[in-house]
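Report on the structure
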Amino acid sequence: MSDFEAFTIDDDFDPLAPLGFDGEEGPDDYSDYMPPIPDAQFSRVPEPVPVSPEERIEKLLQGLPGQRFRVLHLAQLAREEPLTMEAMVAGLDDAYPQRASVFSAAQLVELLEKAGGLEVAGRLDEAGNVVPVSEPAAAPAPDELTDEELEALLADGDNRLAVEEAPALVYLATPAGTLVHDQYVNLGNIEALVAKEPRYDEVYRTIFGLVTAEGGATMKELDAAVNGFEVMQEPKRFCGYFLDRLEKAGAVEYRDIWQATPLGHQFATTL
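A brief look at the structure comes next. Just so you know, these numbers come straight off a predicted model, no measurement behind them.

1. A word on the environment of Ala121
When you line up the elements, Ala121 lands in strand E2 (residues 118-124). Residue classification places Ala121 among the partly exposed residues on the basis of a relative accessible area of 36%. In this structure, the C-alpha to C-alpha distance between Ala121 and Ala173, residues 52 residues apart in sequence, is 9.1 Å. Beyond its immediate chain neighbours, meaning those up to four positions away, Ala121 contacts Pro82, Val130, Val170, Tyr171 and Leu172.

Below, the structure is given as structure tokens:
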């Protein structure tokens, strides 16, 4: 006998017969077994965590450190009376002129509104009064109009439907927006910063003396004025260290030159 055993194919074998796909078995013959889902406990969508408007605004400011006081100024602009987008943009560009920022004033308005610092207070009517925003009535389909109504819509002579201009929305700062603004634009923040390190009082006085002067001061002038102080040698400090902290506190700002903010001018009178 050879190493290979002879075999024959069973022509009567039906591979589908025991699987129950021939339509003869009833529904009770199928198993309701469901294989376990791997890591099912980790596949569940967690419950949403409520976030307050103040927290959303704080996250916005932390995510845009270079735009922090531009964003906060929007809340100040719309604090007392509602303003249109055009007025908000003009007010922000006037207070913080930007030539290189990737964020336009209109984008910052939209971001602050989304975060909960601004809200739409209404729209302007034809007389310029603020009225509530209402949903426009749905326009009838052309096939629902009579011939006379359709002719009236096409009476512009251009044979095109006239598109009405979108109403001008007006924005008002929310309580959360004004609260966060007051937390950042606060004289107490500058006072706490300077009082934290009294050994640098002379440095702060020199810096404020330069940035409050008419025209402000260049980085070169500030470095020359304070970097040689004995207190700056150990630990080694440079003027940029203090400017960064003062800028975050809202005391100084850079507009092609370093200068004091209105809050910084107010604080300088106490030195």
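2. Re the pairing of E2
Walk down a regular strand and you will see the side chains alternate between the two sheet faces. Pairing of E2 with strand E4 (residues 169-173), which is carried by 5 bridges, proceeds in the antiparallel orientation. Within E4, the residue paired with Arg123 across the bridge is Leu169.

3. Some words on the pairing of E4
Both strand E1 (residues 83-84) and E4 contribute to a ladder of 2 bridges, which runs antiparallel. Each bridged residue has a counterpart across the sheet, and for Leu83 the counterpart in E4 is Tyr171.

4. Observations concerning helix H7 (residues 187-196)
Think of an α-helix as turning once every 3.6 residues; residues three or four places apart then point the same way. Those residues of H7 that fall on the buried side of the exposure criterion are Leu187, Ile190, Leu193 and Val194. Looking down the long axis of H7, one finds its buried residues gathered within 130° of arc, a one-sided arrangement. Relative to its buried face, H7 has exposed residues pointing more than 90 degrees away, namely Ala195 and Lys196. Where H7 is buried, its residues meet helix H8 (201-211), helix H10 (239-248) and helix H11 (262-268). The opening residue of H7 is Asn186, an N-cap whose side-chain oxygen sits 2.7 Å from the backbone nitrogen of Gly188.

5. Notes on the packing of aromatic side chains
In total, this model carries 5 aromatic pairs according to the counting rule given. When the ring of Tyr204 is compared with that of Phe242, the centres are 5.4 Å apart and the planes differ by 85°; the resulting orientation is edge-to-face. Taken together, the positions of Tyr204 in helix H8 and Phe242 in helix H10 put the pair 38 residues apart, joining distant regions of the chain. Looking at Tyr204, the relative accessible area reads 0%, which means it is buried. Ring centres of Phe208 and Phe267 lie 5.2 Å apart, and the angle between their planes is 55°; on these two criteria the pair is classed as tilted. Of this pair, Phe208 sits in helix H8 while Phe267 sits in helix H11, and the two are 59 residues apart along the sequence. The class for Phe208 is buried, based on a relative accessible area of 2%. These aromatic residues form a ring-pair network of at least three members: Tyr200, Tyr204, Tyr241 and Phe242. The ring of Tyr241 carries Arg237 above its face, with NZ or CZ at 4.2 Å from the centroid. When the ring centre of Tyr96 is taken as origin, the NZ or CZ atom of Arg255, which lies over that ring, is 5.0 Å away.

Rules of the game
Residues numbered from 1 in each chain as written. Predicted model: local features only at pLDDT ≥ 70, side-chain atom pairs only at ≥ 80, totals over all residues. Heavy atoms only, no water. Helix = DSSP H or I, 4+ residues; strand = E, 2+ residues; numbered from the N terminus. Buried < 20%, exposed > 50% of the residue type's maximum accessible area, 1.4 Å probe, protein only. Contact = heavy atoms within 4.5 Å. Pairing = 2+ DSSP bridges. Arc of directions from axis to C-beta. Polar contact = N/O pair within 3.5 Å; in protein donor to acceptor, adjacent residues only side chain to side chain. Phe/Tyr/Trp six-rings, centres within 6.5 Å; stacked < 30°, edge-to-face > 60°. Lys NZ or Arg CZ within 6 Å of the ring centre and 35° of its normal.

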